[in-house]
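Chain and residue survey
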Amino acid sequence: MQTISSYDFKGKRALIRVDFNVPLNENFEITDDTRMRAALPTIKKIIEAGGSPVIMSHLGRPKNGPEEKFSLKPLVGHLSELLGGATVKIAPDCIGDEVKAMAADVKPGEVLILENLRFYKEETAGDEEFARKLSENGDCWVNDAFGTAHRAHASTAVIAKFFPNDKMFGYLIEGEVESLDKVVKNPGRPLTAIMGGAKVSSKITIIENLLNKVDNLILGGGMTYTFVKANGGKVGDSICEDDYIETALNIQKLAKEKGVNLVIATDVLAADNFSNDANTKILPANEIPDGWQGLDAGPESIAKMKEVIEKSGTILWNGPVGVFEMDTFAEGSKAIGTAIVEATKKGAFSLVGGGDSVACVNQFGFADGVSYISTAGGALLEYLEGKVLPGVAAVRGE
Ligand code: AMP
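Rules of the game
- Residues numbered from 1 in each chain as written.
- Predicted model: local features only at pLDDT ≥ 70, side-chain atom pairs only at ≥ 80, totals over all residues.
- Heavy atoms only, no water.
- Pairing = 2+ DSSP bridges.
- Helix = DSSP H or I, 4+ residues; strand = E, 2+ residues; numbered from the N terminus.
- Axes fitted to C-alpha atoms, helices over the stretch in contact; angles between N-to-C directions.
- Expected span 1.5 Å × (residues − 1).
- Buried < 20%, exposed > 50% of the residue type's maximum accessible area, 1.4 Å probe, protein only.
- Patch = residues over 30% accessible without salt bridge, like charges linked within 9 Å, V, L, I, M, F, W, Y side chains within 5 Å.
- Areas by Shrake-Rupley, 256 points an atom, 1.4 Å probe, with all protein chains shown as cover.
- Salt bridge = Lys/Arg side-chain N within 4 Å of Asp/Glu carboxyl O.
- Lys, Arg positive; Asp, Glu negative; His and termini not counted.
- Charge placed at Lys NZ, Arg CZ, Asp CG, Glu CD.
- Domains from an automatic or database assignment.
- Buried area = accessible area lost by both parts, 1.4 Å probe.
- Polar contact = N/O pair within 3.5 Å; in protein donor to acceptor, adjacent residues only side chain to side chain.
- Arc of directions from axis to C-beta.
- Contact = heavy atoms within 4.5 Å.
- Phe/Tyr/Trp six-rings, centres within 6.5 Å; stacked < 30°, edge-to-face > 60°.
- Lys NZ or Arg CZ within 6 Å of the ring centre and 35° of its normal.

**Section: the sheet that holds strand 7 (residues 191–195)**
- Taken in spatial order, the 6 strands line up as 10-8-7-15-16-17 in an open sheet, and their pairing is parallel. The strands lining the two open edges of the sheet, one partner per strand, are strand 10 (261–264) and strand 17 (372–374). Strand-to-strand, the axes of this sheet are offset by a mean angle of 15°, without reference to chain direction.
- One ladder, built from 5 bridges, connects strand 7 with strand 15 (residues 314–318); its direction is parallel.

**What about helix 11 (residues 331–345)?**
- Given a rise of 1.5 Å per residue, 15 residues ought to cover 21 Å, and the 21 Å separating the end C-alpha atoms of helix 11 matches this to within 8%.
- Here helix 11 has its buried residues at Gly 332, Ser 333, Ala 335, Ile 336, Gly 337, Ala 339, Ile 340, Val 341, Ala 343 and Thr 344.
- Following helix 11 by one or two positions, Gly 347 has its phi on the positive side, about 115°.

**Some details on a positive patch on the surface**
- There is a patch of like positive charges on the surface, built from Arg 61, Lys 63, Lys 69 and Arg 151.
- You can call Lys 69 partly exposed: its relative accessible area is 48%.

**Regarding the domain arrangement of the chain**
- Along its sequence, the chain is carved into domain 1 (13–171) and domain 2 (178–384).
- Its C-alpha centre places domain 1 at a distance of 37 Å from the equivalent point of domain 2.
- Roughly 430 Å² is buried in total at the junction of domain 1 and domain 2, and carbon and sulfur atoms are behind 75% of that figure.
- Of all residues in domain 1, Phe 146, Gly 147 and His 150 give up the largest surface area on contact with domain 2, accounting jointly for 88% of the area buried on that side.
- Between domain 1 and domain 2 we count 0 salt bridges in total.
- Linking domain 1 with domain 2 are 0 residue pairs in polar contact (both at pLDDT 80 or more), by the criterion used here.

**Points about helix 5 (residues 128–135)**
- Buried within helix 5 are the following residues: Phe 130, Ala 131, Leu 134 and Ser 135. Buried residues along helix 5 cover an arc of 145° about the axis, so they all sit on one side.
- Its buried side turned inward, helix 5 meets strand 1 (13–17), strand 2 (52–56) and helix 4 (121–125).
- The distance from a side-chain oxygen at the start of helix 5 to the backbone nitrogen of Glu 129 is 3.2 Å, and the residue carrying that oxygen is Asp 127.

**Observations concerning the packing of aromatic side chains**
- Within the structure shown, the criterion is met by 4 aromatic pairs.
- For the ring pair Phe 324 and Phe 364, a centre distance of 6.4 Å and an interplane angle of 80° mean the geometry is edge-to-face. Of this pair, Phe 324 sits in the loop between strand 15 and helix 11 while Phe 364 is found in the loop between helix 12 (355–363) and strand 17, placing the two residues 40 residues apart along the sequence.
- You can call Phe 324 buried: its relative accessible area is 2%.
- What links up through ring pairs into an aromatic cluster is the set Phe 324, Phe 364 and Phe 366.
- For the cation-ring pair, Lys 281 lies above Trp 292, with the distance from its terminal atom to the ring centre recorded as 4.4 Å.

So, in structure tokens, the structure goes:
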């Protein structure tokens, strides 16, 4: 398999699939350029190695063909700035003779952006002929869009067949896949997963898959109360999914069978209102009266969770253990973050992924203390669920 570090880009046009699906305001200004910055190492490497980057991406969800509001034009100036003033041009389309001619003419140090891939429904349909036409714009294909790696689209997977010997991951995907494999393939033990967030229902497939891999599974956040209720506890007004009581019992049973240490809060910080100014008290997780709801883990539970985390060799964190957006209920998630940073200092590998835990890590300043932060939502979750990602498999030739 080719790698971006060793491939010879000299004199080649590198067709790079990136995820430049950035948010734009009503004046078409970029409000968060994280995704563009994430692709810079790959783009810069190719320029420095004497190659010509031809960038392809989608933006938004255009319905029927080209729509000006989904054009990639507003990104041109900003990409140039991010590349220290490099000349960045945009093609009027992503396929066709004119585009092909522009791609053939990208000078060393210049960058060409192709227009929004999703102006063609063939992109998401994974149409082979469309992929072939895209492939005419490059001599090699670099997949660096982990955010769409779980989709078998023309530019993210199908195109691979037109570059049998000239396809590779960009640095972003390479980093994501290597980091995720450190968790799912050959983890340092003990392996601890902390799954938080609001609901069991949205995490169930991952939890079931993780039960085959982890030594410790810490379940926190709103999920707690479905488990507490399943065991006959009183959860008051706490968030609880009655339809998932059976599921919760089954997870407990599976954990026992597989020898997984399941850690769920035994005490909670309860509030008489879903508000930062609510009255609060520490209660046993199974004795929450009506009118009260559990919104964070309690001190006894936090201590237990910290102890498990600090002894871990590998840690995966997905989802806060409390309503961290409100200061009053952020202590549990802060403590989890601190324990992960401590374990990482001692040599553990820690991966934080999934929108809310990333926000949490950034909000409390833990970002520098963890080993890897994954920014991919759906693709990350599917990888953890044990699914094959088409965008990864296509590069690996699986
Ligand atoms: P998710 O998107 O499923 O990861 O859920 C994240 C959300 O879960 C965050 O916005 C948290 O505020 C919320 N959350 C965490 N713990 C609780 C809880 N005990 N009750 C209600 N919501 C919670």
